[in-house]
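These are the residues of each chain, in order.
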Amino acid sequence: MLTSECVPLVKTGGLADVAGALPAALAEHGWDMLTLLPAYPSLVEKAAATKVVFTFKDLMGGPARVLMGKAGGNDILLLEAPHLYDRKGGPYGDPTDYPDNPVRFAALSFAAAEIARKGLTDGWTPEVVHAHDWQAGLVPAYLKYGPPCQVGTVMTVHNIAFQGLTPAAMLGTLGLPLSAYTADLLEYWGQISTLKAGLVLADAITTVSPTYAAELMRGEFGMGLEGVVAAKADRLSGVLNGIDTDVWNPETDPEITPYSAKALKGKAQNRKALMAEFGLSKIKGPLAIIVSRLTSQKGMDLIADAAGDFIAAGGGLAILGSGDPVIEDSMRILARNHAGKVGLRIGYDEALSHRMFGGADIVLVPSRFEPCGLTQLYGLRYGTVPVVAATGGLADSVIDANVMALNAGVATGFQFHPIDGMAFRHCLRNVASLFADKPNWTRLQKRGMAQELGWSASSATYATLYESVIREFSSTA
Ligand code: ADP
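The model shown is predicted, which means the values in this text are computed figures rather than measured ones.

Enquirer: Could you give me a rundown of helix 10 (residues 265-277), with the residues and numbers involved?
Expert: For helix 10, spanning 13 residues, the distance from its first C-alpha to its last is 19 Å, which sits close to the expected 18 Å at 1.5 Å a residue. Listing the buried residues of helix 10 in full gives G266, K267, N270, R271, L274 and M275. Contact partners of the buried residues in helix 10: strand 12 (287-294), helix 13 (350-359), helix 17 (421-435) and helix 18 (438-449). Just past helix 10, the residue G279 takes up positive phi, approximately 65°.

Written as structure tokens, this is what we have:
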């Protein structure tokens, strides 16, 4: 598996959670998975990676080697290339993207292709390379344009908004032939797109929910690549992400007073603690949380307006996130205008996010598009009812509490559509009125907590997909 981030070593978003959880789940299906990622500073020590398993005299501008270690129970391969990865900032920049990111991640993809072709020094060779997002998009290209190789490729799209665009003049630097620079291969509006390369050339494409898979073939969501995806529809599938149900477990979470669906009492204590932590002394109705990047993709620009009535009616809001400075400011104003009802923490804080899920009544996820989304799943697990926009993985994982679903006893949260402030505000009104109906609200919470949210179903789907990719290879060989 090739990824630019992986829990517990380095994380900026959901990709890291998926990369960290999938290998153990796939091991149950007999797959021996090694995860290759860049050796950002301190990762070699964190993963105790001492065994050298591959070397490059020159990898796009300097020497490099691959070290094997372990993290979070997973076998990790770290690509150590100081000229590319030994930098103080985050994995992609400090704070804006590094200008040489195309080269940094092309090198990662090239290294994966070389390992696939030649195997590690200890003899281990993969049968399938699973590439995640634009950072890994060139793997199928390097496999295609190098010596022949019998390794299958699966390309997973976590967010099609990030396409790995690079000036066409970089083709030679990236070690790709001119023949690859055509409209049906890597060329994308006069540039190179590494994600497009992966989509066009991989043996199978997946994305992280069935609804997002269908959305990707439409103009509103495909971000210009809808035609490319649609042309590969027969190789496309949507596999819903799971969550790590050990890390996200209200019965054992060290950040909170433990509780379960059978004994919800602890949740009330967590609520009190959370209100104190955020200075929310004036709440009479439901306590909502937001744990998110503060961007317009996440619908965060809708909050200030849509939550007005909800707050006026006694609801409270605790917000944790960072992102767009304009949205951060609008959140600051919201918190200032509603002191005691709205609390804000700008930043990234994993431990606090656990306390928030432990103590809140609802979690708001009003994304304009959401490939899968994880926070609605944490919400279900913690009896923190998700209120979500009806898109992507949000639509696939939350069953809306409409009259029929409530009567049938299957609802687990709330969905709204269209994705705008008016529909969101209206939905929050319904949320507040069901919250006032305690027996029905508790049933909704408990039903969410009973959902199967781990990786068992989805890892079985990936295992089947890997097998089909290998079969296809052996039948065409
Ligand atoms: P995306 O990857 O698009 O940002 P996801 O919902 O797939 O969105 O994953 C986001 C992950 O990052 C979740 O695990 C979420 O809890 C976490 N997260 C986002 N913002 C914060 C924050 N400010 N503090 C702690 N965790 C956060």
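Enquirer: So what about the sheet that holds strand 1 (residues 34-38)? Which residues, and what values?
Expert: Judged by pairing direction, the sheet is mixed, and its 4 strands sit side by side in the order 1-4-3-2 without closing on themselves. The sheet is open, and its two edges are formed by strand 1 and strand 2 (51-56), each paired on a single side. The mean angle between the axes of side-by-side strands here comes to 30°, regardless of whether they run parallel or antiparallel. The pairing of strand 3 (residues 64-71) with strand 4 (residues 74-80) spans 7 bridges and is antiparallel. Bridging from a neighbouring strand, R65 pairs with E80 of strand 4. Strands strand 1, strand 2, strand 3 and strand 4 of the sheet are contacted by helix 4 (residues 101-118), whose axis makes an angle of about 150° with strand 1.

Enquirer: Residue-level account of the packing of helix 11 (residues 303-312) against helix 17, with values.
Expert: What describes two packed helices is the angle between their axes and the distance between those same axes. Remark: helix 11 packs on helix 17, axes separated minimally by 9 Å, with the N-to-C direction vectors making an angle of 30°. As far as their axial angle goes, helix 17 and helix 11 are roughly parallel. The element helix 11 and its partner helix 17 pack so that their crossing is right-handed. Residues I303, D305, A306, A307, D309 and F310 of helix 11 lie in contact with helix 17, whose contacting residues are G421, F424, R425, L428 and R429. Considered class by class, the residues forming the contact of helix 11 with helix 17 number 6 nonpolar, 1 polar and 4 charged.

Enquirer: Tell me about the pairing of strand 16 (residues 385-389), and please be specific about residues and values.
Expert: The buried fraction of strand 16 is high, at 5 of 5 residues. Burial of strand 16 is two-sided: the residues V385, V387 and A389 facing one way and the residues P386 and V388 facing the other way are all buried. One ladder, built from 4 bridges, connects strand 15 (residues 362-365) with strand 16; its direction is parallel. Considered in strand 16, the bridge of V363 is made with P386. At this point the chain moves from strand 15, through helix 14 (residues 375-381), to the parallel strand 16, and the crossover so formed is right-handed. Summarising the sheet, strand 16 and strand 17 (residues 414-416) pair through 3 bridges and their orientation is parallel. Paired with V388 across the bridge in strand 17 is Q415.

Enquirer: Describe the sheet that holds strand 5 (residues 128-132), naming the residues involved and giving the relevant values.
Expert: Ordered in space as 5-6-10-11, the 4 strands form an open sheet in which the pairing is parallel. Looking at strand neighbours, the two that pair on one side only are strand 5 and strand 11 (236-238), the edges of this open sheet. Adjacent strand axes in the sheet meet at a mean angle of 25° when their direction is disregarded. Sheet topology note: the strand 5/strand 6 (residues 152-157) ladder contains 5 bridges and is parallel. When the sheet's bridge partners are listed, H132 is paired in strand 6 with T156.

Enquirer: Hey, could you go over the domain arrangement of the chain for me, with residue numbers and the actual values?
Expert: Partitioning the chain into domains gives domain 1 (14-242 + 456-476) and domain 2 (265-449). On a C-alpha basis, the centroid separation for the pair domain 1 and domain 2 is 34 Å. Facing 16 residues of domain 1, the contacting portion of domain 2 comprises 15 residues. Counting across the domain 1 and domain 2 interface gives 0 salt bridges. One can count 6 residue pairs in polar contact (both at pLDDT 80 or more) joining domain 1 with domain 2. Residue assignment for the side of domain 1 that touches domain 2 shows that the elements contributing at least two residues are helix 1 (14-27) and helix 7 (210-215). A per-element tally of the side of domain 1 that touches domain 2 places helix 7 first, with 4 residues.

Enquirer: Kindly report on the nonpolar core, identifying the contributing residues and their values.
Expert: Ranked by internal contacts, the top residues of the largest apolar core, which has 98 residues, are L36 and L79. Those residues in contact with L36 that lie beyond four places of it in its chain are M1, L2, T3, V66, L77, L78, L79, L108, A111, A112 and I115. Judged by nonpolar contacts, the second largest core, of 37 residues, contains I290, A389, C427 and L428.

Enquirer: Summarise unusual backbone geometry; cite the residues concerned and give the values.
Expert: With an omega of 5°, the peptide bond between V7 and P8 qualifies as cis. At the junction of H417 and P418, the peptide bond is cis and its omega measures out at 0° in the coordinates. Backbone geometry at D133 places phi at a positive 65°, although glycine is not the residue there. Inspection of the secondary structure assignment puts D133 in the loop between strand 5 and helix 5 (139-144). Overall, the relative accessible area of 8% leaves D133 in the buried class. Even without a glycine there, the phi angle at M223 is positive, about 55°. With respect to the helices and strands, the residue M223 is situated in the loop between helix 8 (219-222) and helix 9 (226-231).

What counts and what doesn't
- Residues numbered from 1 in each chain as written.
- Predicted model: local features only at pLDDT ≥ 70, side-chain atom pairs only at ≥ 80, totals over all residues.
- Heavy atoms only, no water.
- Helix = DSSP H or I, 4+ residues; strand = E, 2+ residues; numbered from the N terminus.
- Expected span 1.5 Å × (residues − 1).
- Buried < 20%, exposed > 50% of the residue type's maximum accessible area, 1.4 Å probe, protein only.
- Contact = heavy atoms within 4.5 Å.
- Pairing = 2+ DSSP bridges.
- Axes fitted to C-alpha atoms, helices over the stretch in contact; angles between N-to-C directions.
- Parallel < 35°, antiparallel > 145°, perpendicular 65-115°, else oblique.
- Left-handed = near helix turned anticlockwise from the far one by under 90°.
- Nonpolar A, V, L, I, M, F, W, Y, C, P; charged D, E, K, R; others polar.
- Right-handed = clockwise from strand over helix to strand, strands pointing away.
- Domains from an automatic or database assignment.
- Salt bridge = Lys/Arg side-chain N within 4 Å of Asp/Glu carboxyl O.
- Polar contact = N/O pair within 3.5 Å; in protein donor to acceptor, adjacent residues only side chain to side chain.
- Core = buried A, V, L, I, M, F, W, Y, C linked by side-chain atoms within 4.5 Å.

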